[in-house]
Amino acid sequence: MADFSLQNRQAEPLLSVRSLSVEFGSGAGAFRAVKEVGFDVEPGKTLAIVGESGSGKSVTSLAIMRLTDYTGGRIVGGQVLFRRPGGETLDLVGAPDETLRAIRGNEIAMIFQEPMTSLNPVFTIGNQIGEALTLHEGLNAREARLRAKELLQKVRLPDADRLLDRYPHQLSGGMRQRVMIAMALACGPKLLIADEPTTALDVTIQAQILNIIRDLQAEMGTAVIFITHDMGVVAEMADDVVVMWKGEKVEQAPVREIFAAPKHPYTRALLSAVPRLGSLKGEPLPKRTPVMVMEAGEPKQVGETRVQDTADYAKPILQVEKLTTRFDVGKTFFGRVTHRVHAVEEVSFDIYPGETLALVGESGSGKSTIGRTLQQLVEPTGGTVRFEGRDMNAMTQAERRRLRQQIQYIFQDPFASLDPRHTVGFSIAEPIVVHGLIKDRRAIERRVHELLEQVGLQPHHAKRYPHEFSGGQRQRICIARALASDPKLVIADESVSALDVSIQAQIVNLLMELQERRRLSYLFITHDMAVVEKISHRVAVMYLGQIVEIGPRQAVFENPQHSYTRKLLSAVPIADPERERARTRIEGEIPSPVRPVGQEPAIHRMREVEPGHWVAEEAERLRGAA
Amino acid sequence: AGTVTVAIALDPGSWDPIDTFVVDWSSAANNIFDGLTARGADMKLKPGLATSWEFLDNNSRIRFKLRENVKFHNGEPFNAEAVKFTFDRLLGPEGKKGPQQSNYNSIDRVEVVDASTVDFVMKQPDPVLLTKLAGYGAMIVPPKYIQEKGDDYFNTHPVGTGPFKFVSYEPKVSLTLEAFPEHWGGAPKLDKLVFRMIAEANTQIAELQAGRIDIATLIPFGLAPTVEKDPKLSLISITGPTVVALRLNTQNGITKDVNVRKALIMGIDRDAIIKAVLLGHGKPIASFQADLSFGYDPNLKPLPFDLAKAKQMLQQAGVQPGAPIKIDFRGNDATFREVAQAAAGFLQALGLKPSLQPYETPVLLNDIIPNGKTGEAWHNAWGGWTFDYDNTAYLMYHSGEKWNPYDKDPKLDAMLEKQRSIYDVKEREKILQEIARYVADNALEIPLYNQNTIYGVNKRLKNFEPPADRRFRFTDVTVE
Amino acid sequence: MAQAAPASRRRFRSFELILGVALTGGMTLAVLFSGFLFPDGGESMDLMARLLPPFQNPAHILGTDPLGRDVLARVIVGGRISLVVGVLSVLGAVTVGTLMGLLAGYYRGIAEVVLMRFADVQLALPFILIAIMFLAILGTGIDKVIFFMIVAQWVQYARLVRGSVLALRDREFILSARAIGVGNGRIIFQHILPNVLGPIVILMTLNVANNILLESSLTFLGLGVDPLIPSWGGMLADGRTYLQSAWWVSVFPGLAIMFTVLGLNLLGDWLRDFLDPTGQTSK
Amino acid sequence: MAGFILKRLLQAIFVILAVTLIVSFAIRLSGDPAVMLAGGSNITEKDLQNIRQALGLERPFYVQYLSFLKGLLVGDFGRSFMGGTPVSLLISKALPATLLLAFVSLLISIALSVPLGVYAAVKRGRWPDQLIRILSLIGLSFPNFWLAIMMVLFFSISLGLLPPSGMEGPESFVMPALTMGIILTATNVRLVRTSMLETLSQQYIMVARSKGLKDRVVLYKHALRNSAIPLVTYVGLQFGSLIGGIVIVERVFNWPGMGTLAFDAISARDYPVLQGAITVLALFIVLINLLVDIAYGLIDPRIRTE
Ligand SMILES: Nc1ncnc2c1ncn2[C@@H]1O[C@H](COP(=O)(O)OP(=O)(O)OP(=O)(O)O)[C@@H](O)[C@H]1O
Ligand SMILES: Nc1ncnc2c1ncn2[C@@H]1O[C@H](COP(=O)(O)OP(=O)(O)OP(=O)(O)O)[C@@H](O)[C@H]1O
Ligand SMILES: [Mg+2]
Ligand SMILES: [Mg+2]
């Protein structure tokens, strides 16, 4: 494979990976996860590695630090040449353990994807940051603490002094990820490897973290290897991009070139699938567009362009009025409730047949709770829900059961939502069996096969277990299961958020296609504004348990009224390196919906700014903060 | 000079003579206390704190002449008042709380004649009273000491007139005594005597092998060879008071029939069991008593082992092959577990279907036997500490007794009651022998054996006269 | 993500499986056919041939016991009782305990409170002491010993199952089953039960061993079952008198217990993995 | 926190009440102490009545139980039927012996099972792992009395190193504690191994490694502390069965502890001693579980702040 890295640069690379191959297992069970990958990283620059899930991005990054040794992996070929601060260049592949330990955390540091599990829950923040300092710089406990405090201030964590003595679980995800960054940068590494550092975070928090990494990089001159599958993030962060596919590097180029002129078919397919915010500007209805997928190594166009004119606004199928759901959390010894989570407060909206209503908002804003309340998984505290005109409160037990057939729910994590111990055929058949839709066993089997085909799978897949499928296939299975009971309304809760972009695009298309074919209504819950733009007829924006803005998609996206909607939209990274990075500084954490009993939140009044477009009246305070 | 350490199985909990009835109490306390009479290692009765006695008033009054110049360990003098105090206490409310009183109920009261003479006024004749005075509840206790210190204190800090005096007691661990040089029988040769409570036989043997105890008292026969093999140790095996029988259920099951019962006796090769399971440490018996026992009849011979005859008798009695026969026994008796299996082996050879049911001792004694819930047979081991067949026979065969849940035989009852009112030794012996013969004729039990008392003893012990009843007296013992 | 198991581990797995099957299967076969092999049930006694040492007499390969019975025959016949006690008690306890644990964990509320307090009380009662009292009241016997073990052990399973159910209850696949409209009964038995089976199997195999040994301890304390019916535990307890003079009396039943325990646990480990189609939990 | 303690206290009281009630009732069902006191002696029903009267056994059960509870409130367990020694005195001698033994056994088991379990987890699937697992299973295959006797034969009889029984110097702890320790170790090794495996697959372990920490630090600082949570729970649960096992080990080693006390009390149907012993043992088990809960908090800050 050609090595582009030295083409027209004169600076000596900090890190030079050459034909690196990594294998898991041995003998007949051996599996090569990374195949002869090579690239260079220059001091102070950012190299992004992109590629779909399982393409070997993480393994490559772990292999650089020789951490694959601990996961059962073996480097079976290649070199990892690292220029140490002293000037000598060392091949980490053959380096003794002692040397490696001196480099890890000191000269090369790493940040991982999951801020929730990257910090050891039983040690304080200060202890964990100080550890590397005492180890590599020989600081004593007091000096380490002082430095740790400085570092926390550097990553813009307020109240650093107190934070040092807190434990990870007392921090929010965004704060933890900042702690991780502080920890990684503690010894002033020359190279920082960030493996999807923002994937698990909200968009506004993601924007904050990206800013911090960029600022610190500029300040300390650190080179960064940035692993991500989000092309928007790539466009914002990277100088150079490496594209990986099935364990191989298929393309490497400066970021503008990749976006402007992708050479490898896979890169082209990848870029075609990336949803771009603003691509439907001026169009009132959602639109299906074809996606490129790789088939047998060749890109292939699937799907068609089609305007999704499915909604029928004569009579709503679902009417939600002043829905309120609260959870008791704090209790005194005698069982008296002291605190409540005000997850959903007096939320009202309608959904019409054939329509997709998107529910957007950040983590904890109450989106899922609405979905779960509608699906009777959670008991509402107040409000009314009418399905086809009938009040759910007035329904009999049997009617409520029937409702579970007519409303279906698709969860975010398709793997977690399939019982690992049953075949997918069993899972798909389950709604049919429990609602007694079909009695004959063979007929059920036929129906399962039919459903599998409808979502683009093979009938013989019915006999397999969930772990034998890829993420995208699993989500198709979940959709097939949701369709099995022939529902009218489907609640899709972050159903595409965990998927690779190309898979995501396919699933979105599948959902839209099914909507057209079956006149399904969707309540589409997500935090991804770009996907919302593509799929929804109308949008509702939630903040702290209340809807702050609701209206037709075009109105909300092109004429956002509420300051929170605007903040949300501006935080979305745009997959276009040419675009000016107009960054509004977004600071602060999302406030908590937990309140002491008796302190009810104020309910916003809504006003109609244009037909069907309602916005909450804002308090001055909130407007100022945004 | 020197110390001797003895392992006993149980801690009686109190060293007060009137509180307990376990042999282990005697093993230790026989060195602290003296009775009016005493019994030597040869089991012969001899004077103790009384130098002589005579029967007066048609045997209803016994006059004891007391030994003079005897002192309790605390310096208190021993005299007639002490004797009266002892028996008033035993027969009064204090004695009521314990198990000893009933042994001495034949005594009406004790009268002081002078400082060194007392009279026992009897309620009813008691031919074994003199033997009973040599042990247990009749041990003489110091009146002043008990009145001053109280009963509870006395329980754990005993004072007597015996050759050793109390030093310390740690419940469940040990009792330590030291020599009492002013003992009337002469100063003991040892300095110190320690009794350690060790309930597990294997542990006693291990301690003996390790040289940390000098005498082990709990030795299942299976462990005897281990002691014999050890050059530092000797195994002492002497005829003891314990007899073992399989008592039979005469009310239910195949054992209802006397011929069947006889067949069972003849079908079990008791000699083989003694040889193989007891390793020879026992003797066959014909009645439920040892040959040391008063009432023993050397002419009464056990039914011989005769398998063919037994089988034939069973057939004649109409017993079906495979008829069940259940034997209840104490589960914690390691030796009898084997004996029972051996016996069952013979019963099987007779074509019967034996089964063994182990019980926890209290359950067997409290419930199964008194309430007549036994199987066809049950295990009965009997110590007979008075060495008088009366004590055994009355409890075993008189109707209404706890140990006799099944038989109501007026003829037997009459004989048992009659011998209790007779002081004439010869005549009483005759009746007792008659009783034994009657019981044997009716085959009320399968007499198995009289098992030896065995001790494992460290060879450094000299002049140790092993008593058959485990009531040691270490006055003359010396160690190397 | 499905991760390929290292080949070395898989090889060991199959080695474990083979060993487990060989040990357990061999033991079970021997026990099943003990009636053919030893029609006398190991009961023929020969007081003249007591305590013959092993490997010297072809008629008594493993020697004889204090009553001259063949140790080999008794070891093999003895497996019957030991396995029956071990297996039945575990099956009983697992059935009761799993059911209670499922109900308590799933429905919470009063059922759970009662179960947990019950468990507290049982944990605070020293097991052997209660065994003694229990058997003193009920009398001894195989059925009673088994019954007691069930009474004593079901709480273990109930606790374990309840814990797993609590962890599973809020898992997404349970939620999604409920979202589909699956009823409680089906959720408990179709979705929760199969997912708690793994740890149950492990506890079961450990407890079979435990219970075989418990029978031995009861015999040691004089509360065992009919000594005429040979059992490993009983032989082990009775053999303690002969440890210095005739080791074979207790060592061979001890080895039998050991092989069975080993075999059962190897099988249990394997079964747990087998029950888990994802191969994720294999440890 | 106060609420938590109050709740645990109420639970403890409930447990103690239930335990004492069960035990008091069951022991009365199972036999008569008067008969036991009398042994096999020549005793009439009237004499038995006298003894029962003296022991206060003729009163109805609930009266006996209430008076026992009343005594409990002032720390008076009554007196032994065998010789009238105050039960509290017997317990005060036996309890330290047992607790000491139990703790030494636990320490031994932890000292053995933690390194072995960690090592097995690190070597997962390879031969040291297999060996440790098979050894632990073998450790589960022996009844404790058998192990105990074998140890005596080896260490005391063959080697003459250790006293076969009794509680004297520190050397007398070796065998009893080792016997119990080995049996506990057998189960704990598996537990440590499993929870270590779970922990080792966590992201923060990789993070710790990426900092350049030594293996030892990663394993024993970062991983073990997290794996300790199930271990601590289990050790708390084990305490009950530990006490159960102690009955037999104490008997073989003639250890003057609570096991011996309670066992002898059952054999003699000495109600006050048994009731007292079980109450105290139950109290300890409850206390240990409370300590376990507190230990949780120390190990895991997530629980502490709840
Ligand atoms: N410890 C391991 N044992 C076996 N296989 C592994 C291991 N770690 C990774 N793999 C395999 O290596 C391949 C590459 O994995 P890698 O984690 O590098 O993917 P990725 O590109 O980072 O994907 P994602 O975007 O999902 O993080 C995958 O097929 C994965 O299953
Ligand atoms: N069962 C529950 N008990 C207590 N609090 C809950 C419960 N379920 C949800 N909450 C809380 O209610 C709030 C809203 O949660 P919800 O899951 O609806 O948010 P969301 O908008 O879907 O967030 P995300 O994007 O992270 O899924 C959160 O603060 C959450 O912690
Ligand atoms: Mg990855
Ligand atoms: Mg959600």
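Residues numbered from 1 in each chain as written. Chains lettered and ligands numbered in written order. Predicted model: local features only at pLDDT ≥ 70, side-chain atom pairs only at ≥ 80, totals over all residues. Heavy atoms only, no water.

Draft legend 1. A look at the overall build of chain B. A tally of helices and strands in chain B yields 16 helices and 19 strands. Against the 2.2 N^0.38 benchmark of 23 Å for 480 residues, chain B shows a C-alpha radius of gyration of 23 Å, consistent with a compact globule. On the principal axes, the C-alpha backbone points of chain B span a range of 70 × 55 × 35 Å. Contacts in chain B between residues far apart in sequence, at least 24 positions, make up 70% of those at least 6 positions apart. Accessible area of chain B: about 16,800 Å², with a carbon and sulfur share of 49%. Mean positive and mean negative side-chain charge positions of chain B (55 and 59 charges, respectively) differ by 3 Å. (Helix = DSSP H or I, 4+ residues; strand = E, 2+ residues; numbered from the N terminus. Rg over C-alpha atoms; globule rule 2.2 N^0.38 Å. Contact = heavy atoms within 4.5 Å. Areas by Shrake-Rupley, 256 points an atom, 1.4 Å probe, with all protein chains shown as cover. Lys, Arg positive; Asp, Glu negative; His and termini not counted. Charge placed at Lys NZ, Arg CZ, Asp CG, Glu CD.)

Draft legend 2. Representation of the overall build of chain C. When its secondary structure is counted, chain C shows ten helices and zero strands. Listing each helix as α and each strand as β along chain C from the N terminus yields α-α-α-α-α-α-α-α-α-α. Dimensions of chain C, computed from C-alpha atoms along their principal axes, come out at roughly 75 × 50 × 30 Å. Carbon and sulfur atoms form 70% of the exposed surface of chain C, whose accessible area is close to 10,300 Å². Taking the average location of the 20 positive side-chain charges in chain C and that of its 17 negative ones, the two points are 10 Å from each other.

Draft legend 3. Examining a nonpolar patch on the surface more closely. Residues and elements named next belong to chain C. On the surface, Leu29, Leu32, Phe33, Phe36 and Leu37 cluster together into a nonpolar patch covering about 590 Å² of accessible area. When contributions to the nonpolar patch are tallied by element, the ones reaching two or more residues are helix H1 (7–32) and helix H2 (34–37). Along the chain, Leu37 falls in helix H2. Looking at Leu37, the relative accessible area reads 49%, which means it is partly exposed. (Patch = residues over 30% accessible without salt bridge, like charges linked within 9 Å, V, L, I, M, F, W, Y side chains within 5 Å. Salt bridge = Lys/Arg side-chain N within 4 Å of Asp/Glu carboxyl O. Buried < 20%, exposed > 50% of the residue type's maximum accessible area, 1.4 Å probe, protein only.)

Draft legend 4. Highlighting the interface of chain D and chain C. Contact residues are listed per partner, giving 53 residues for chain D and 41 residues for chain C. Of the roughly 4,300 Å² buried between chain D and chain C on both sides combined, carbon and sulfur atoms contribute 77%. At the boundary of chain D with chain C, the tally comes to two salt bridges. Of the charged contacts, one joins Asp269 of chain C and Arg133 of chain D as a salt bridge, the two residues approaching to 2.4 Å between their closest N and O atoms. Across the chain D-chain C interface, the total number found is three residue pairs in polar contact (both at pLDDT 80 or more). For the side of chain D that touches chain C, the secondary-structure elements that each account for two or more residues are helix H1 (2–29), helix H6 (127–139), helix H7 (144–158), helix H8 (171–200), helix H10 (215–252), helix H11 (258–268) and helix H12 (271–299) of chain D. In terms of residues, the side of chain D that touches chain C owes the most to one element, H1 of chain D, which gives ten residues. In the side of chain D that touches chain C, the residues fall into 36 nonpolar, nine polar and eight charged. (Buried area = accessible area lost by both parts, 1.4 Å probe. Polar contact = N/O pair within 3.5 Å; in protein donor to acceptor, adjacent residues only side chain to side chain. Nonpolar A, V, L, I, M, F, W, Y, C, P; charged D, E, K, R; others polar.)

Draft legend 5. How the structure looks around the site of ligand 2. All names here are of chain A. Looking at ligand 2, there are 13 residues lining it, with Ser363, Gly364, Lys367, Ser368 and Thr369 nearest. A distance of 2.9 Å separates an oxygen atom of ligand 2 from a polar backbone atom of Gly366. Within the side chain of Thr369, one N or O atom sits 2.4 Å away from an oxygen atom of ligand 2. When isolated, ligand 2 has an accessible area of 630 Å², and the protein chains bury 63% of it. Elements that contribute at least two residues to the shell around ligand 2 include exactly strand S16 (339–351) and helix H12 (367–374). Of the residues forming the shell around ligand 2, the biggest block, three residues, is contributed by H12. (Near = heavy atom within 4 Å.)

Draft legend 6. The arrangement of the interface of chain C and chain B in detail. The interface is formed by 29 residues belonging to chain C together with 33 residues belonging to chain B. Both faces considered, chain C and chain B share a buried interface measuring about 2,500 Å² in area, 54% of it formed by carbon and sulfur atoms. Among the residues chain C hides against chain B, the three largest losses belong to Leu228, Thr241 and Gln244 of chain C. Together they make up 20% of the total. For the pair chain C and chain B, the number of links is two salt bridges. Salt-bridge contacts for Arg240 of chain C lead to Glu200 of chain B; the nearest nitrogen and oxygen are separated by 3.2 Å. The tally of links between chain C and chain B comes to seven residue pairs in polar contact (both at pLDDT 80 or more). Put simply, the parts of the chain that give the side of chain C that touches chain B at least two residues each are helix H5 (127–138) and helix H8 (184–220) of chain C.

Draft legend 7. Molecular detail of the site of ligand 1. Lining the immediate surroundings of ligand 1 are 14 residues, of which Ser53, Gly54, Lys57, Ser58 and Val59 of chain A lie closest. Each of chains A and C places residues next to ligand 1. Here an oxygen atom of ligand 1 and a side-chain polar atom of Lys57 of chain A are 2.8 Å apart. At a separation of 3.0 Å, a nitrogen atom of ligand 1 approaches a polar backbone atom of Thr71 of chain A. Looking at the shell around ligand 1, the elements with two or more residues in it are strand S2 (31–41) and helix H1 (57–64) of chain A.

Draft legend 8. Helix H3 (residues 71–107) of chain C, seen in detail. Residue and element names in this part refer to chain C. With 37 residues, H3 should reach 54 Å at 1.5 Å per residue; the first-to-last C-alpha distance of 52 Å fits that figure. Residue Gly79 marks the point of greatest curvature in H3, where the axis turns by about 25 degrees. Positioned one or two residues after H3, Arg108 has a phi angle of 50 degrees, which is positive. (Expected span 1.5 Å × (residues − 1). Bend = angle between axes of the 7 residues up to and from the residue.)

Draft legend 9. Here's a closer look at the pairing of strand S17 (residues 445–458) of chain B. Residue and element names in this part refer to chain B. Within S17, 13 of the 14 residues are buried, which leaves the element mostly enclosed by the surrounding structure. Sheet analysis places strand S11 (residues 215–216) next to S17, joined by two bridges and oriented antiparallel. Residue pairing in the sheet places Ile215 in a bridge with Val457 of S17. In the sheet, strand S12 (residues 233–248) pairs with S17 via twelve bridges, with the strands oriented antiparallel. Across the sheet, residue Leu235 finds its bridge partner in S17, namely Gly456. In this structure, strand S13 (residues 282–283) lies alongside S17, joined through two bridges in antiparallel fashion. (Pairing = 2+ DSSP bridges.)

Draft legend 10. Structural detail: the UniProt feature "transmembrane region" (unreviewed entry) in chain C. Residues and elements named next belong to chain C. Look at the UniProt record and you will see "transmembrane region" (unreviewed entry) annotated at residues 17–38, 81–106, 118–139, 196–225 and 245–267. Note that residues 118–139 is 86% helix and 0% strand, and that its end C-alpha atoms are spaced 24 Å apart. In residues 196–225, helix accounts for 83% and strand for 0%; the two terminal C-alpha atoms are 34 Å from one another. (UniProt positions renumbered as here; feature names shortened; annotations may be inferred.)

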